[in-house]
Amino acid sequence: MNAVLKAVNLVKIYQDGAVPVPAVRGVDLQVEPGEFVAIMGPSGSGKSTLVHMLGGLDTRTSGEIWLDGKRADTLSESAWALLRRKKIGFVFQFFNLVTNMTVGDNVELPALLAGASPKVARERRESLLAALNLTDRADAAPAQLSGGEQQRVALARALANQPSLLLADEPTGNLDSRNTRDVLRLLSEVHKEGQTIIMVTHDARVASLADRLVSLFDGEIVDDGRIARRRTGTAGEVIDLR
Amino acid sequence: MRLHLLALLAKEPAHGYELKQALEQTFGSAYPSPNIGQIYVTLGRLEKDGLVRAVDVEQSNRPNKKVYYLTAKGRDVLTTWVDEPTEGPRVRDEFFMKLVLAPLTGIADRMALINRQRRHYLGIMSDLNDLLSRTAPTDRVAILLIEGAMLHLQADLDWLERCQEDLA
């Protein structure tokens, strides 16, 4: 099977002032269909820069990015944007919803942009809103929603174009624990349905949903391995008194 | 288990089997089902130390049962336990010792230790996530225990990140 995403020796150097600042220094990463990869690391380790590059929101300095077996980084900006609309869903910490559009339209738009017919886009909107318990909020403005609801809308929007790859950057970054739980459940569900996910997070609960953990440090991958699950039993058996 | 039994006896006198049931009801799945033998051994020691006393209660067609009640000394010990602040988290744990000592030995470097430990903690977190989803919403005590364990793990992971930053 083809990898959903492949990055080869990916480098990003920011050149703000006189001194070039390397943010990502030669990352190799391959993600298979259906995999859920969490990316962790201290702030400044290059996590956000990496996923922004993978999603085409930031240009790479050198290296290669392949999406569904197609080289993406050499595309023109507009061709990259087109590919992104079709193949990638993005969830950010700050939901980035279009404030003067309804919740429903926010979800429907990406499907339309990706080239779905109005009928298909509408169906997709309705099934996603229903799945996320947001049907009765479809006509509301994003600002009328709680943070957790807005993040669910953002997730629905990211999934509207049925992306090959869902990229998430701190999706629970400013949510309280109840709202985090909602987003957690949804991520877990879409992952079970086979959605490929790459997610940057500091939140251990969210990260623990992943199959695989990539640790970044100083712009490089310093660890890449599976998250092993071990124990079953009741709370009293699993959690020891110390 | 000594103080747990004293606390239950402060509520009302009880025999051994009632204490086992009371622990199960109070904690739900948050406490492994206690062994009845262990409860009787503990009660015997508490009695020897003068913290509880037992009276024989006659039963028709059955051997007498021993009902335990708290003594004034037992109540003092219990009050001291409740009133004292509980020790904070112990961060100089096994991993901390490895982290400090391993680089000296050349067996492993700190980066490798931290990375391995991070994945281990996330594996535990994943188990806790499963556990939480399998725990009935009515099992409040167990849910609090699981959430507490999750917050501790998050702190441990944040601290690993802090250790890693120190390697720069």
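Within an unreviewed UniProt entry, the label attached to chain B reads PadR family transcriptional regulator, and the organism entered is Nonomuraea turkmeniaca.

As recorded in an unreviewed UniProt entry, chain A goes by ABC transporter ATP-binding protein and comes from Nonomuraea turkmeniaca.

A.B. asks: Looking at this structure, I do not really get the sheet that holds strand 10 (residues 220–226) of chain A. What am I missing?
C.D. replies: Note on sheets: strands pair through backbone hydrogen bonds, and any given pair is parallel or antiparallel. Residues and elements named next belong to chain A. Strand order in this open sheet of six strands is 6-7-8-3-9-10, and the pairing throughout is mixed. Two strands bound the open sheet, and with one partner strand each, they are strand 6 (88–91) and strand 10. Between one strand axis and the next, the sheet turns through 15° on average, direction left out of account. Sheet topology note: the strand 7 (residues 165–169)/strand 8 (residues 196–200) ladder contains five bridges and is parallel. Paired with Ala168 across the strands is Met199, a residue of strand 8.

A.B. asks: I would appreciate a short explanation of empty space enclosed by the protein in the present structure.
C.D. replies: The probe, sized like a water molecule, is rolled over the atoms to show the empty space still left. Applying the stated criterion across every chain yields a total of one cavity of 30 Å³ or more. Here the largest cavity is characterised by a volume of approximately 40 Å³. Residue lining of the largest cavity: Met40(A), His202(A), Arg118(B), Gln154(B), Leu157(B), Asp158(B) and Glu161(B), and that is the complete set. Per element, the largest residue contribution to the lining of the largest cavity is four residues, and it comes from helix 7 (residues 140–165) of chain B. In the lining of the largest cavity, the residues fall into two nonpolar, two polar and three charged.

A.B. asks: I tried to follow the interface of chain B and chain A on my own but got confused; where do I start?
C.D. replies: A common way to express how large an interface is: the accessible area buried when the components associate. Between chain B and chain A, the contact holds 35 residues from the first and 35 residues from the second. For the pairing of chain B and chain A, the buried interface totals around 2,800 Å² over both sides, and the portion due to carbon and sulfur atoms is 60%. At the junction of chain B with chain A, the criterion picks out one salt bridge. The residue Arg119(B) makes a salt bridge to Asp223(A) at a minimum N-O spacing of 3.0 Å. Linking chain B to chain A there are ten residue pairs in polar contact (both at pLDDT 80 or more). At the level of secondary structure, the elements contributing two or more residues to the side of chain B that touches chain A comprise helix 6 (110–134) and helix 7 of chain B. Tallied by class, residues from the side of chain B that touches chain A come to 18 nonpolar, nine polar and eight charged.

Calculation rules
Residues numbered from 1 in each chain as written. Chains lettered and ligands numbered in written order. Predicted model: local features only at pLDDT ≥ 70, side-chain atom pairs only at ≥ 80, totals over all residues. Heavy atoms only, no water. Pairing = 2+ DSSP bridges. Helix = DSSP H or I, 4+ residues; strand = E, 2+ residues; numbered from the N terminus. Axes fitted to C-alpha atoms, helices over the stretch in contact; angles between N-to-C directions. 1 Å grid on protein atoms, 1.4 Å probe; cavity = no way out; pocket = protein on both sides within 12 Å on 5 of 7 lines; lining within 4 Å. Points joined across faces, edges and corners; volume = space filled by probe spheres on them. Nonpolar A, V, L, I, M, F, W, Y, C, P; charged D, E, K, R; others polar. Contact = heavy atoms within 4.5 Å. Buried area = accessible area lost by both parts, 1.4 Å probe. Salt bridge = Lys/Arg side-chain N within 4 Å of Asp/Glu carboxyl O. Polar contact = N/O pair within 3.5 Å; in protein donor to acceptor, adjacent residues only side chain to side chain.

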